[in-house]
Amino acid sequence: MEPQRTLDLHNHTTASDGDHTPTQLVARAKSLGLTAIAVTDHDTMEGLAEAIQAGNEVGIEVVPGIELSAEIDFGQCHILGLCIDPKSERMKTRLHEVLHNRNLRNEKILEKMQKHGVDITLAEVEAEAGGEVVARPHFAKVLLAKGFISTMQEAFDKHLTPGGTFYVDRVRLSPEECIGLIHEAGGVAILAHPNNLKRNEEDTETKIRELLEAGLDGIEARYNRHTPADNARYLALAAKLGILTSGGSDFHGATVKPNVFMGHVEGELPAPNSLLEPLKARSKSLS
């Protein structure tokens, strides 16, 4: 019997680099027939209270989450915190420090732009962000509005991703600290989109085992950009290692990932409902 599928446990809002406010994100989930979504903005919990309230109003369960960027030797390591406490003081303090480092990065991006004759001010980018955390999409929107690029995609293809004209890397936490912060906040630590580790199968497993030694709870085995073979491989690996799994679309909206749609976790299907209770049980064990 096919399991019921109404979950999407990886979504972003305007609190980081998504296109939808927390309320709009929840309304979208409701319109798609989803019963639960996780809000997992990058390095911030600012959108969670609004999302949870909106979820209560329309009957959508909002799993409070976050996506933390961890520093590794190569590739990308993002760790999702699911079922976290949005009031965690330790998490808030550390995120404030991360935000300070992000602001320093934004200043360096502007310096690069100025050197290339691109006249954009921080005030213009902050206005585009509308009070939310300034991120690369806000730079892209100002570039587009001022005619320096012709499409949003051009901004990321040429300028705002690693190797791009204006790209500046930012300070990241260690994987161990990310996992520790998530656990301190009562959350479950899940490696997001494991293909982004940029390793072959054997080395990916080795890295996941290293992260498990640091306290990782599971992996995002089901993911929008996985092939069916990827999903099967990561589900098998999770079973082999005896760890939790999650599943999400990594929905941002049209700006950052225009071909990624909410609820499309495995192909065009949401994640199965059976994923959520084990995550909640693990979270309770950490409280």
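Residues numbered from 1 in each chain as written. Predicted model: local features only at pLDDT ≥ 70, side-chain atom pairs only at ≥ 80, totals over all residues. Heavy atoms only, no water.

## Looking at the overall build of the protein chain
Item 1. Counting its secondary structure elements, the protein chain contains ten helices and eight strands.
Item 2. Relative to a compact globule of 287 residues, whose C-alpha radius of gyration would be 19 Å, the protein chain shows 18 Å and is just as compact.
Item 3. Structurally, the protein chain occupies a C-alpha span of about 60 × 45 × 40 Å along its principal axes.
Item 4. Within the protein chain, the fraction of its 287 residues that count as buried is 54%.
Item 5. Counting only carbon and sulfur atoms, one obtains 50% of the accessible surface of the protein chain, whose full area is about 12700 Å².
Item 6. Where the 30 positive side-chain charges of the protein chain centre and where its 42 negative ones centre are 1 Å apart. (Helix = DSSP H or I, 4+ residues; strand = E, 2+ residues; numbered from the N terminus. Rg over C-alpha atoms; globule rule 2.2 N^0.38 Å. Buried < 20%, exposed > 50% of the residue type's maximum accessible area, 1.4 Å probe, protein only. Areas by Shrake-Rupley, 256 points an atom, 1.4 Å probe, with all protein chains shown as cover. Lys, Arg positive; Asp, Glu negative; His and termini not counted. Charge placed at Lys NZ, Arg CZ, Asp CG, Glu CD.)

## Digging into the sheet that holds strand E7 (residues 244-248)
Item 1. With mixed pairing, the eight strands of this open sheet are ordered in space as E7-E6-E5-E4-E3-E2-E1-E8. Every other strand in the sheet has two partners, leaving E7 and strand E8 (271-272) as the edge strands with one partner each.
Item 2. Packed onto the sheet, helix H9 (residues 228-241) meets strand E6 (218-223) and E7 and runs at close to 155° relative to E6. (Pairing = 2+ DSSP bridges. Contact = heavy atoms within 4.5 Å. Axes fitted to C-alpha atoms, helices over the stretch in contact; angles between N-to-C directions.)

## A few points about the nonpolar core
In summary, soluble globular proteins display a tendency toward joint burial of nonpolar side chains.
Item 1. Core analysis: the biggest nonpolar cluster contains 43 residues, and Ile37, Cys77, Ile79, Met91, Leu191, Leu216 and Ile219 have the highest contact counts within it.
Item 2. Not counting residues up to four positions away in its chain, the partners in contact with Ile37 are Asp8, Leu9, Asn11, Leu25, Val26, Ala29, Ile60, Glu61, Val62 and Val63.
Item 3. If you look at the next biggest cluster of nonpolar residues, it comprises 19 residues, including Leu110, Met113, Ile120 and Leu160. (Core = buried A, V, L, I, M, F, W, Y, C linked by side-chain atoms within 4.5 Å.)

## What to know about the packing of aromatic side chains
Item 1. The final tally for this structure, using the stated rule, is zero aromatic pairs.
Item 2. The ring of Phe74 carries Arg199 above its face, with NZ or CZ at 4.0 Å from the centroid.
Item 3. Lying over the aromatic face of Tyr234, Arg233 brings its terminal NZ or CZ to 4.6 Å of the ring centre. (Phe/Tyr/Trp six-rings, centres within 6.5 Å; stacked < 30°, edge-to-face > 60°. Lys NZ or Arg CZ within 6 Å of the ring centre and 35° of its normal.)

## Considering the side chain of His12
Item 1. If you trace the backbone, His12 turns up in the loop between strand E1 (5-11) and helix H1 (22-31).
Item 2. We classify His12 as buried; its relative accessible area is 0%.
Item 3. Here His10 takes part through its side chain, which lies 3.3 Å from a polar atom of the side chain of His12.
Item 4. Not counting chain neighbours up to four residues away, the residues in contact with His12 comprise Asp17, Gly18, Leu25, Thr40, Asp41, His42, Glu67, Asp250, Phe251 and His252. (Polar contact = N/O pair within 3.5 Å; in protein donor to acceptor, adjacent residues only side chain to side chain.)

## A few points about the pairing of strand E5 (residues 188-191)
Item 1. Because side chains alternate across E5, one face comprises the buried residues Val188 and Ile190, and the other comprises Ala189 and Leu191, equally buried.
Item 2. As defined by bridge partners, strand E4 (residues 77-82) adjoins E5 across four bridges and the pair is classed as antiparallel. Residue Gly81 lies in a different strand from E5, and its bridge partner there is Ala189.
Item 3. With two bridges connecting them, E5 and E6 associate as parallel partners. When the sheet's bridge partners are listed, Ile190 is paired in E6 with Gly218.
Item 4. In the classification by handedness, the crossover that spans E5, the intervening helix H8 (residues 201-213) and the parallel E6 is right-handed. (Right-handed = clockwise from strand over helix to strand, strands pointing away.)

## Here's the deal with the pattern of salt bridges
Any two side chains of opposite charge can pair if their charged atoms end up close together.
Item 1. Evaluated as defined, the whole model comprises 19 salt bridges.
Item 2. Asp43 serves as the salt-bridge partner of Arg102, at 3.3 Å between the closest nitrogen and oxygen. Placement of Arg102 in helix H3 (residues 89-115) and of Asp43 in the loop between strand E2 (36-39) and helix H2 (48-58) is noted, with a sequence separation of 59 residues between them.
Item 3. A salt bridge links Lys146 to Glu124; its shortest N-O distance comes to 3.1 Å. Highlighted residues: Lys146 in the loop between helix H5 (136-145) and helix H6 (152-159) and Glu124 in helix H4 (residues 122-129), separated in sequence by 22 residues.
Item 4. Three or more residues joined by partner-sharing salt bridges are found here, namely Arg90, Arg94, Glu97 and Glu177. (Salt bridge = Lys/Arg side-chain N within 4 Å of Asp/Glu carboxyl O.)

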